[in-house]
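Okay, here's what each chain looks like letter by letter:
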Amino acid sequence: NEVTFQSNEKAKATAAHYQYLAINGDYTSTKDSDEPEFDGLSKLLTDTENEIEGDALTLSGTIDEAKATAIDEALRNAVKSIAGGKPTAILANSRVITKLTTVARKLGYISQGMNNFGESVDKYDGIELIDMQQYYNGTETVDVIPVKEGKTDIYIVRIGQDAFCGVTPEGGSIGLETHLPDFSEAKAVHTGDVELVGGVVLKNTKAAAVIRNVAI
């Protein structure tokens, strides 16, 4: 039971770190380190046409119908910047997701559906709202998409092989692999690991967008 518990906890931590890298990964600054990263959405969208300043999209304070309409207009302008079809998902932290859910409810755009894991999800006019959650950075548990000085970022993506997607080595498995220690050896402490070999790729920078510095 303890081996199963520890393996599951390592798997959760690995998945959370992958989510962090999918947004914040930076290959250039880590390529010579023992733990090189792949470029995440933040790096991939920097200095592109779809890096949008979020002055018009203010989520702070109480959201009445007038404010909800203004937020919706700003969000739809960002959505229209996505090429190749309607975006698949809006990626943000839990505070933003809560606010956008409120906006969608006030304007009648909220709907529910099931994701690929059989979980119930909220949708903003058909676009899935995904809370990128938190991860442990070695010191503390923090948001994958942080709030700094009252401001945060929102990512809008179209998921597909011609857009934003995950990548693994040819023939490699998409899931996590658990490597258990050799329990036949006499040791006070046995150490196993969980491995995920993969990254993300943005085939077209117009297939995703980031709204920077949104007040929350």
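Heads up: the structure comes first, above all this text.
Before going into details, it helps to say that this report is about the structure given with it. Predicted model, so just to flag it, every value in this text is computed and none were measured.

Spatially, the seven strands line up as an open sheet ordered β1-β13-β8-β2-β5-β4-β3, and their pairing is mixed. Strands at the two margins of the open sheet, each flanked by one partner only, are β1 (51-53) and β3 (110-114). Between one strand axis and the next, the sheet turns through 30° on average, direction left out of account. Where strand β4 (residues 120-124) lies against strand β5 (residues 127-131), two bridges are found, and the strand directions are antiparallel. Residue pairing across strands places K123 opposite E128, the latter belonging to β5. Its contacts with the sheet put helix α4 (residues 65-79) on β1, β2 (89-92), β4, β5, β8 (151-157) and β13 (208-215), and the angle it makes with β8 is roughly 45°.

Glancing now at unusual backbone geometry. Even without glycine at this site, D47 takes up a positive phi of about 65°. With respect to the helices and strands, the residue D47 is situated in the loop between α3 (41-45) and β1.

With respect to the secondary-structure elements, G198 resides in the loop between β11 (193-195) and β12 (199-202). Here the alpha-carbon distance between G198 and L176, two residues 22 residues apart in the chain, equals 10.0 Å. Each residue touching G198, except ones within four places of it in the same chain, is listed here: Y18, F38, V167 and T168.

Attention now goes to the packing of α4 against helix α5 (residues 94-107). A pair of packed helices is characterised by two quantities: the angle between their axes and the separation of those axes. At a closest axis distance of 9 Å, the pairing of α4 and α5 adopts a crossing angle of 110°. Relative to α5, the element α4 lies roughly perpendicular. Contacts from E65, A68, T69, I71, D72 and L75 in α4 reach L100, V103, K106 and L107 in α5.

Calculation criteria
- Residues numbered from 1 in each chain as written.
- Predicted model: local features only at pLDDT ≥ 70, side-chain atom pairs only at ≥ 80, totals over all residues.
- Heavy atoms only, no water.
- Pairing = 2+ DSSP bridges.
- Helix = DSSP H or I, 4+ residues; strand = E, 2+ residues; numbered from the N terminus.
- Axes fitted to C-alpha atoms, helices over the stretch in contact; angles between N-to-C directions.
- Contact = heavy atoms within 4.5 Å.
- Parallel < 35°, antiparallel > 145°, perpendicular 65-115°, else oblique.

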